[in-house]
Amino acid sequence: MSPEKKENCGLFGIYGDADAVQKTHFGLYSLQHRGQESAGIASSNGRFIQCYTGMGTVARVFRKDSGLLEKLSNPMAIGHVRYSTTGSTKSANSQPFLSEYSRGQVAIAHNGNLINASVLRDEYEAYGHIFKSTSDTEIIIHLLAKPSHAMREDPIAHTLQHLQGAYCLLFLFPDRIEAARDPHGIRPLSIGQTASGAYVVASETCAFDTIGAKFIRDVEPGEIVRLDERGLHSRFFSTPGEVTPAHCIFEHIYFAKQNSDVFGENVHTFRKCLGRQIAREHPVKADVVIPVPDSGTSAAIGYAEESGIPFDMGFVRSHYIGRTFISPTQELRDLQVKLKLATVKEIVAGKRVVVVDDSIVRGTTTRGKIRSLRQAGAKQIHMRVSCPPIRHPCFYGVDFPTKEELLANNRDMEQIRDFLDVDSVGYCSLEGLLSCASLPADHYCTACWTGQYKIPINTVVNKFIMERYQMTMFEGWIEENV
Ligand code: SF4
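Residues numbered from 1 in each chain as written. Predicted model: local features only at pLDDT ≥ 70, side-chain atom pairs only at ≥ 80, totals over all residues. Heavy atoms only, no water.

A. Summary view of the environment of Leu 406. Inspection of the secondary structure assignment puts Leu 406 in the loop between strand 21 (380–385) and helix 15 (413–420). We classify Leu 406 as buried; its relative accessible area is 0%. Linking Leu 406 and Ser 260, residues 146 residues apart in sequence, is a C-alpha distance of 29 Å. Apart from the residues within four sequence positions on either side, Leu 406 is in contact with Val 361, Ile 390, Arg 391, His 392, Pro 393, Pro 401 and Arg 411. (Helix = DSSP H or I, 4+ residues; strand = E, 2+ residues; numbered from the N terminus. Buried < 20%, exposed > 50% of the residue type's maximum accessible area, 1.4 Å probe, protein only. Contact = heavy atoms within 4.5 Å.)

Written out as structure tokens, the structure reads:
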């Protein structure tokens, strides 16, 4: 995981399986790349919901000897892995959120970012509502519980009509699961089925492969899918086709796993296409193409195939390093990069090297990688990036730094090359990026490159907007110490 851009949560749910909780546990493992700050599972026996959440990775929260999975064992379950995009890293913000209201129990898990959460929370607090977290997700429970919403024929549909922004949601009621996706379909959510017929929903299809389920289809933008004893039922809370989709194309570039199919196409294949595209847009004479693993690997293969330059592994990533402290000196920061990404000297020494990465955000991490290649004896370094320069923040569930901190903000290509200290730099063009996508160009969100936000941002949106009375940030020590 790049320390510069963070994933945005993963969801998994399954209805009607004797091993629902175990399968949710496996499903969350396969979605772990989408968030490592906290994990949780809520399950129901048909009458009552139980829930357990904790800080850290799935392995850390559901330790083998904890007996938690056995205690939670029930035939329907939802699970969540979190990376915070609203609200700090603390246990009160871990999901699923379990609550009781006038209609009974409900557990909610969310992937995305609600851009009007702060406005809604102000409104509800003015009426005396008390919030126990600083996450945008909690507002959904308050909306659902509001008497004028709860008494409606379809309280969920009515609730969702009040939300703005990006959201894929799983609701677990004692007798059913309801899965919903925002009208723009910004984040992915898919439906699968196990061999025994149990229905599964997950942020990415890689979770289906893990538990041996087959992909059926995506939850459509603006759709609510209900899973209960009578099977799968669909309804829409917004008119299909009324708004143009805004699928986050960054899911293809960086977030999703290579073996997932997202927005109808395979992630690895998409990234290879990007690699071929950059090779055509930015050819260079070189001896070897190396990826920044793991998210740059598929694009580097594509670049090598198109250019005819041999592909090799110039970096080896350690999979055993969790989060590390932000080091105070450049020397320690360089050592940190080396700890996570070791250089293979034999591959790069004395060579003209093409380095392929998925994206560059602040540029400081990339510069550290370049420095270690120079120290390993690379003769020339040509940086190739499989998306355009990022110049705008994301308000739809990805934690980029502020606009001022972005490398490409107010820098031209020569200044970027200079900052990275490379011999040349080449980014994939927006047209080139979109040419690899199977859907029409206007079906994707590209706001972090163009600044054109399909859902207007009319209010202040930032990660800590809800941290009004307390600031509990534990950035940097969750993995090691919890
Ligand atoms: Fe994805 Fe960028 Fe749009 Fe955010 S702004 S949803 S990262 S494409």
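Now that the structure has been shown, the text picks up again.
B. Looking closely at the packing of aromatic side chains. Per the stated rule, a full pass over the model turns up nine aromatic pairs. Centre to centre, the rings of Phe 395 and Tyr 453 are 5.2 Å apart; their planes meet at 55°, and the pair counts as tilted. In this pair, Phe 395 is assigned in the loop between strand 21 and helix 15 and Tyr 453 in the loop between helix 17 (447–450) and helix 18 (478–481), connecting sequence segments 58 residues apart. An aromatic cluster of at least three residues, connected via ring pairs, comprises Phe 250, Tyr 254, Phe 255, Phe 400 and Trp 449. Looking at Arg 176, its charged tip hangs above the ring of Phe 173, at a distance of 4.0 Å from the centre. Geometry around Phe 419 places Arg 367 over its ring, the cationic atom sitting 4.1 Å from the centre. (Phe/Tyr/Trp six-rings, centres within 6.5 Å; stacked < 30°, edge-to-face > 60°. Lys NZ or Arg CZ within 6 Å of the ring centre and 35° of its normal.)

C. Focus on the state of the cysteines. Evaluation of the coordinates by the stated rule reveals one disulfide. The disulfide partner of Cys 273 is Cys 436, and the gap between their sulfur atoms is 2.2 Å. On the sign convention where negative is left-handed, the bridge of Cys 273 and Cys 436, at about -85° about the S-S bond, is left-handed. Here Cys 273, found in helix 10 (residues 267–281), pairs with Cys 436, found in the loop between helix 16 (430–435) and strand 23 (444–445); they are 163 residues apart in sequence, far enough to count as distant. Judged on exposure class, the residue Cys 273 and its partner Cys 436 are both buried. (Disulfide = S-S within 2.5 Å.)

Purely geometric stuff here, so don't read any function into it on its own.
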